[in-house]
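# Chain and residue survey
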Amino acid sequence: MRAAGRWTILGGMAVQLVRYRDQPDLWSQIEDLSDEVWPEYNLHGDELNKYWGQLYDTFPEWQFVLLDTGSAEVLAEGHTIPVAWDGTDAGLGPGIDAAIAGGFALREAGGQPAAVCALAAEIPPRNRRRKLSSVLLQGMAGLAREAGLDALIAPVRPNLKEKYPTIPIDRYARWVRGDGTPFDPWVRVHTAMGARIGPAIPRSMHITGSVAEWESWTGMRFPETGDYVFPAGLATVHIDREAGTGDYWEPNIWVIHTVRAGPAQ
């Protein structure tokens, strides 16, 4: 897929990118997609949840689905937001919480974005063998290109990190396979498309809750104060029994795609 609104052939299917702005009725097919895609705890971001529900109204041109034009089935969803960026690694910021807040602040101030930030690529389990990940990323790059922006940046949630929650993210980000490609499959999808790996982000998304909430989200008991490994967590959660709270910072890895700005050919 090379441009928003155009279609590509994938496994014999004609797949089209459709923006929420143009056909919001398609979203009725995927009302429960987040519940299918993310572990329960991941749906409770302190900062992220302030803005997530507003994406469709404030940035309808930047939210999209991949549509099978033959069956009219929605195959996957992509979330992006235009952001300010000075082009440096330091200027990428501390992660997804800061990126989404910065995107909304930029829009409110009437500022000019310099890049597109990928927020989520959501593929339901039933479609994960259809090789849609790279198509979603191509679609995001197409949105950036059509807006005249030359960078797609992504605070990537590495999908194998949950197997190594006690390994610091800066070390995990440097892991490679025998062939020299990134160890993490989702990071590898990005680099296979020409992206480069940027800084590791140890504190990208903050999630806090009561001990009872964390026990509900994880299906675990937390009998005493301490740091706990939990199912699907990319790092440990700190439980404070005296305060009755659980505190978690999700780590991410910045990945940077260079996009040739201008109309797609």
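Scope of this entry: the structure provided in the associated data block. (Residues numbered from 1 in each chain as written. Predicted model: local features only at pLDDT ≥ 70, side-chain atom pairs only at ≥ 80, totals over all residues. Heavy atoms only, no water.)

## Considering the overall build of the chain
Heads up, the rule is: For the purposes of this entry, the term helix denotes a DSSP run of H or I that reaches at least four residues, the term strand denotes a run of E that reaches at least two, and both are numbered from the N terminus. With C-alpha atoms as the basis for the radius of gyration, the globule rule is written as 2.2 Å multiplied by the number of residues raised to the power 0.38. Computed with a 1.4 Å probe, the accessible areas rest on the Shrake-Rupley method; for each residue, only the protein chains presented here act as cover. Under this rule, positive means Lys or Arg and negative means Asp or Glu; His and the chain ends count for nothing. In this description, the location of a charge corresponds to atom NZ of lysine, CZ of arginine, CG of aspartate or CD of glutamate.
Each helix and strand counted, the chain has eight helices and 10 strands in total. Compactness check: the chain gives a C-alpha radius of gyration of 19 Å against a globular reference of 18 Å for 265 residues, within 12% of the reference. Its C-alpha atoms give the chain principal-axis dimensions of roughly 60 × 45 × 40 Å. Accessible surface computed for the chain: about 12,300 Å², of which carbon and sulfur atoms make up 49%. Side-chain charges of the chain comprise 24 positive and 33 negative groups, with the mean position of each set lying 10 Å from the other.

## Notes on the environment of A84
Quick reminder of the rule: We call two residues contacting when some pair of their heavy atoms lies within 4.5 Å.
One can find A84 in the loop between strand 4 (73–83) and helix 4 (96–109). In the structure, A84 is positioned 24 residues away from E108 in sequence and 13 Å away in space, judged by C-alpha atoms. Those residues in contact with A84, other than ones at most four positions away along the chain, are L106 and A114.

## Details of the pairing of strand 10 (residues 245–258)
Here is the rule we go by: Only protein chains enter the area calculation, which uses a 1.4 Å probe; residues under 20% of their type maximum are buried, those over 50% are exposed, and those in between are partly exposed. The rule for pairing is simple: two strands pair if DSSP sees at least two bridges between them.
In terms of burial, strand 10 is a largely internal element, 10 of the 14 residues being buried. Pairing of strand 7 (residues 196–210) with strand 10, which is carried by 10 bridges, proceeds in the antiparallel orientation. Note that in strand 10 the partner of I197 across the bridge is V255. In textbook terms, the turn of a hairpin is the stretch between consecutive antiparallel strands, and for strand 9 (residues 237–240) and strand 10 this stretch comprises four residues, one of which, G244, has a positive phi near 75 degrees.

## Here we look at the pattern of salt bridges
Threshold: By definition, a salt bridge exists where a carboxyl oxygen of Asp or Glu is found within 4 Å of a side-chain nitrogen of Lys or Arg.
Here the structure, examined in full by the defined rule, presents 12 salt bridges. For E73, the salt bridge is made with R130, and the minimal N-O distance between the two is 4.0 Å. Of this pair, E73 sits in strand 4 while R130 sits in the loop between strand 5 (115–122) and helix 5 (133–146), and the two are 57 residues apart along the sequence. Owing to a relative accessible area of 22%, E73 belongs among the partly exposed residues under this scheme. When the shortest N-O distance is used, the salt bridge between D179 and R177 registers 3.2 Å.

Note that all results are geometric; they support no functional claim without further evidence.
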